[in-house]
Amino acid sequence: MVRRPGLMHEKVKVPVLKNTIWALKLAWRADKKLLLSYLINLVARDVFSLYVQNILFLKVLLSALDKSTPFGEYFLTLIGFFILSVVLKALQYGSDCVHDISVKRVMKKLNNIIFDKALSVDVSCYEDPEFYDKYQRATLVISNSYFDLICWDFANIIAASVSFVLVLTTVTAIDAKYLIFLLPVILVFIIEIFKSKYVYKRDLEMTKNNRLKAYIQRTMFLRDYSKDMRTSNIFAVLINRFRAAINSNIEILKRYGLGLFIYSMVSSLFSEFIPIIGTYAYAGYQFVFKNTLTVSGFSVLFSSINSVRTATLDIADSFDEMVQMALYFQNLRDFLDYKPKILPGAKHAGEFESLEFKNVSFRYPGAAVNALSDVSFKIKKGETVAVVGVNGAGKSTIVKLLLRFYDVSEGEILLNGINVKEYDVDSLRNSFATVFQDYKNFAVSVFENVMCRECSSEDKAFATAALKKSGAWEKVKSLPHGGDTVLTREFENDGAGLSGGENQKVSAARLFARDFKIAILDEPSSALDPIAEYKMYENLIAATKDKTVVYISHRLSSAVLSDKIIVIKDGKIIEQGTHDELMKAGREYSQMFSLQGASYMAKQKEDEHIEKTKKRKSFSHV
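Worth saying up front: this structure is predicted, and the values here are computed from it rather than measured.

(A) Molecular detail of the overall build of the protein. Within the protein one finds 21 helices and twelve strands. Within the protein, buried positions represent 44% of all 622 residues. When contacts within the protein are restricted to residue pairs at least 6 apart in sequence, those whose partners lie at least 24 apart make up 75%. Just so you have it, the protein exposes about 33,100 Å², and 59% of that area is on carbon and sulfur atoms.

Okay, structure coming up:
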């Protein structure tokens, strides 16, 4: 057992043997042929090369040379050796073919397990740096093919152990005293355990630096960051962070370097120096001074010791690697064993009737103040409600709580008069059609982005209608393959790189493509100009007739078209009412609306002036 230091100095014992068995069982369940192919291949290889070839065949050859064995027997042994070589090559070829297929099946199975788990963990985990560190270390187990390696190491240990026992039997038959010089080999395994823990501790200290390096390397190649990289000094900032991470890793490597050197030297002392020097010295004494060892016996003994050394090193190296991987498997086990804090209820969310926030307060983990404080409001079936306020007021937190990405700190949220915690989480979330402010489109076709599935001809017709309502169709139909064009050029040369506003329209089209009872739109038009925004809201109003819609926005285009407006400031509701009521009140909403209206009018006049100037220049040129 080893104490695993973490970023938070967590004191967790890592069960090396249990983790190794767990990993082997998981690989076995994924595809038994992976481990079996390695066992057949490596056992046949080691027994043949370390025992049959290096000892038995050598013994027969030397006996024949000493004329103590008939040449006919040697010739038959030679034929048997040839047949065994052919059989071995056939086994190796067959197991290699099986392995190539099996390893892909195992990786597919394990990736599916990780993907499913990543989808099931709480959304709050993605805002936790410690979770990201653990998640990265867990994915390294897959990306570095640790399951393939641990199967190979296990099979290699079995193969080397079988050869080790066979060779020791031969050595014992020559003289049992030679076993004294081989006993220190046992200490090598103990040393390698401590060495593996030491390496794991070193790598754990480097995790944060490696995550930072991976982030910077990733952003350097992403289109979203390319303009800022070239028009600001942020590139220099990131490079300095990148260099600092590398320098920090160098210091960590230096700090652990001497310890690893000492471990390696002590391991070599017990695995090579004592067994080889001791055996050679005693064999020389028997051969030269005692005359109790024949030339063939002396040669076979030396060959046996080399085979023991090779088998020992194979076992030690594989054992060392298995121990290291077992420590890393703890990260994967921790990740897969994570229990979501958002616990599902048993009720199914039926037809929408009402939604109520009742004295709701919420504080994000680690935050000093509440994001929401004593928030209460009620939305009835068929109402169009706008929740407005400046950025950071707490508007998006309402959506996160409603969809149970987080649970409230105080109060309760009622759907149809029932606490949302009593509903099945998937049922609850599927009852809402949502469009988020941090919208994301994926490297699949436009139609697939809208429908969120592989599309039939009927699906494409629905997607086309949805794209028309969101205002994206005019752009989409001009693309090389229309709605079948893949978004982004990451995988397709003729893929589409859309602007921020166009991407947001495609994302918003998902709403129009769904049959829903209540829609939640969190800043669905943040990348749109005011005219495009107003047109999209008009289409939304038409498409959501007799349905319930909640707009979350800091821009007030949606508010004018809403039945009710809720104004939030600093996590508290400060006003509620219709547009006319709030304008007459002359408070926060009225001031926000007037400021945004004045800003829009100024922008409109500026655009008109630029357009007139262009026309005058064009006329003068003519």
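Read on for the rest.
(B) Region of the structure containing the pattern of salt bridges. Taken as a whole and assessed by the stated rule, the structure comprises eleven salt bridges. The residue Arg404 makes a salt bridge to Asp407 at a minimum N-O spacing of 2.8 Å.

(C) Highlighting unusual backbone geometry. Unlike most non-glycine residues, Cys452 shows phi in positive territory, near 60°. Of note, Cys452 is situated in the loop between helix H14 (446–451) and helix H15 (457–470). At Asp570, a residue that is not glycine, the phi angle is positive and equals roughly 55°. Position of Asp570 relative to the elements: it lies in the loop between strand S11 (564–569) and strand S12 (572–577). Judged by its relative accessible area of 61%, Asp570 falls in the exposed class.

(D) Structural view of the nonpolar core. Counting residues in each nonpolar core, the largest one holds 68 residues, and the members touching the most others are Trp22, Phe147, Phe329, Leu332 and Phe335. Looking at this core, the elements that each hand over two or more residues are helix H1 (16–30), helix H2 (32–65), helix H3 (71–120), helix H4 (129–143), helix H5 (146–174), helix H7 (185–205), helix H10 (234–290) and helix H11 (295–336). Broken down by element, the residue count for this core peaks at 16 residues, all from H11. Of all hydrophobic cores here, the second largest spans 34 residues; its members include Val360, Phe377, Tyr423 and Ile520.

(E) View of the sheet that holds strand S4 (residues 372–380). Strand order in this open sheet of four strands is S4-S3-S6-S7, and the pairing throughout is antiparallel. Two strands close off the open sheet at either side, each with one partner strand: S4 and strand S7 (418–419). The pairing of strand S3 (residues 354–362) with strand S6 (residues 410–415) spans five bridges and is classified as antiparallel. Considered in S6, the bridge of Ser361 is made with Glu410. Contacts from helix H12 (residues 395–402) reach S3, S4 and S6 within the one sheet, and its direction differs from that of S3 by about 110°.

(F) Up close: the side chain of Thr397. Counting through the fold element by element, Thr397 comes out in helix H12. Among the residues examined, Thr397 registers a relative accessible area of 6% and is labelled buried. Setting aside anything within four residues of it in sequence, one finds Thr397 in contact with Phe362, Tyr364, Ala371 and Leu372.

(G) The arrangement of the layout of surface pockets in detail. In this model, the second largest pocket occupies a volume close to 490 Å³. If you trace the second largest pocket, you find 20 residues lining it, with Ser124, Cys125, Asp128, Tyr338 and Lys341 closest to the centre. At the level of secondary structure, the elements contributing two or more residues to the lining of the second largest pocket comprise H4 and H11. Of all the elements, H4 adds the most residues to the lining of the second largest pocket, at four residues.

Thresholds, definitions, all that
Residues numbered from 1 in each chain as written. Predicted model: local features only at pLDDT ≥ 70, side-chain atom pairs only at ≥ 80, totals over all residues. Heavy atoms only, no water. Helix = DSSP H or I, 4+ residues; strand = E, 2+ residues; numbered from the N terminus. Buried < 20%, exposed > 50% of the residue type's maximum accessible area, 1.4 Å probe, protein only. Contact = heavy atoms within 4.5 Å. Areas by Shrake-Rupley, 256 points an atom, 1.4 Å probe, with all protein chains shown as cover. Salt bridge = Lys/Arg side-chain N within 4 Å of Asp/Glu carboxyl O. Core = buried A, V, L, I, M, F, W, Y, C linked by side-chain atoms within 4.5 Å. Pairing = 2+ DSSP bridges. Axes fitted to C-alpha atoms, helices over the stretch in contact; angles between N-to-C directions. 1 Å grid on protein atoms, 1.4 Å probe; cavity = no way out; pocket = protein on both sides within 12 Å on 5 of 7 lines; lining within 4 Å. Points joined across faces, edges and corners; volume = space filled by probe spheres on them.

Any functional reading would require information beyond the geometric quantities listed.
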